[in-house]
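One-letter residues, chain by chain:
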Amino acid sequence: MSDSETPIQIDDHLDVTILGELQTLLEDDFPDLIHTFLNDARIRVRELVRTVDSGVAEDIRQSAHSFKGSTLNVGAKQLSSLCRELEDLARSGRTQGSKGLVDRIEVELNQVEQLMRDSYL
């Protein structure tokens, strides 16, 4: 099996404990949370792309910080880590490398979406 055929491991991307707690707490409303997160995440990634294209470090930092909080709330740990990395880069006043990070964020979001849909919807 090649790397491209390696199945995505949920624990590499999602904190199943957080998601389990949310599922228990929200019960029948839990799928709505997942749908809302995924829809919002697509909007936030578009915002990240826009701010990275603007080249304004503070705008990038704010967008990354906001998205990081959202990802933490639903246990998307790898996505959160990438947002933190982008936030830290922009906080330092640098923007070089931010496009590559946004690309990685988009790839990770696709994986998170697949896992959430397969496991929780």
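Per chain, the residues get numbers from 1 upward, laid out in the order the sequence is written. Two thresholds apply to this predicted model, a pLDDT of at least 70 for residue-level local features and 80 or more for giving and counting side-chain atom pairs, whereas whole-chain, interface and lining totals are computed over all residues. Side-chain descriptors were evaluated using all non-hydrogen atoms of the structure, hydrogens and water having been removed beforehand.

> Explanation requested: the nonpolar core in the structure shown.
It is characteristic of soluble globular proteins that their nonpolar side chains tend to be buried jointly. The term nonpolar core refers to a set of buried residues drawn from Ala, Val, Leu, Ile, Met, Phe, Trp, Tyr and Cys, joined through side-chain atoms within 4.5 Å. The cut-offs for exposure are 20% and 50% of the maximum accessible area for each residue type, with area from a 1.4 Å probe on protein chains only; residues under the lower value are buried, those over the upper are exposed, and the others partly exposed. Grouped together as the largest cluster of nonpolar side chains are 31 residues, with contacts concentrated most on Leu14, Phe37, Phe67, Leu86, Ile105 and Met116. Going through the elements one at a time, helix H2 (16-26), helix H3 (30-54), helix H4 (57-73), helix H5 (77-91) and helix H6 (98-120) are the ones with two or more residues in this core. We call two residues contacting when some pair of their heavy atoms lies within 4.5 Å. Discounting residues that sit within four places of it in the chain, Phe37 has contacts with Ser70, Thr71, Val74, Leu79, Val112 and Met116. The numbering of helices and of strands both runs from the N terminus, where a helix is a DSSP run of H or I of at least 4 residues and a strand a run of E of at least 2.

> Please explain the environment of Glu85 as it appears in this structure.
Here Glu85 is to be found in helix H5. The contact partners of Glu85, leaving out residues within four places of it in the chain, are Leu101 and Arg104.

> What is the right way to look at the pattern of salt bridges in this model?
Side-chain pairs of opposite charge can arise where the charged atoms are in close proximity. Counted as salt bridges are all cases of a side-chain nitrogen of Lys or Arg within 4 Å of a carboxyl oxygen of Asp or Glu. Counted by the stated rule, this structure contains 10 salt bridges. Across the pair Arg61 and Glu58 runs a salt bridge whose closest N-O atoms are separated by 2.8 Å. Taken together, the positions of Arg61 and Glu58, both in helix H4 and three residues apart, correspond to about one turn of that helix. By relative accessible area, Arg61 is classed as buried at 18%. Lys68 serves as the salt-bridge partner of Glu87, at 2.7 Å between the closest nitrogen and oxygen. Separated by 19 residues along the polypeptide, Glu87 in helix H5 and Lys68 in helix H4 bring together distant segments of the chain. A single burial state applies to Glu87 and to Lys68, both of which are buried. Among the charged side chains, a salt-bridge network with shared partners connects Lys68, Glu87, Asp88 and Arg91.

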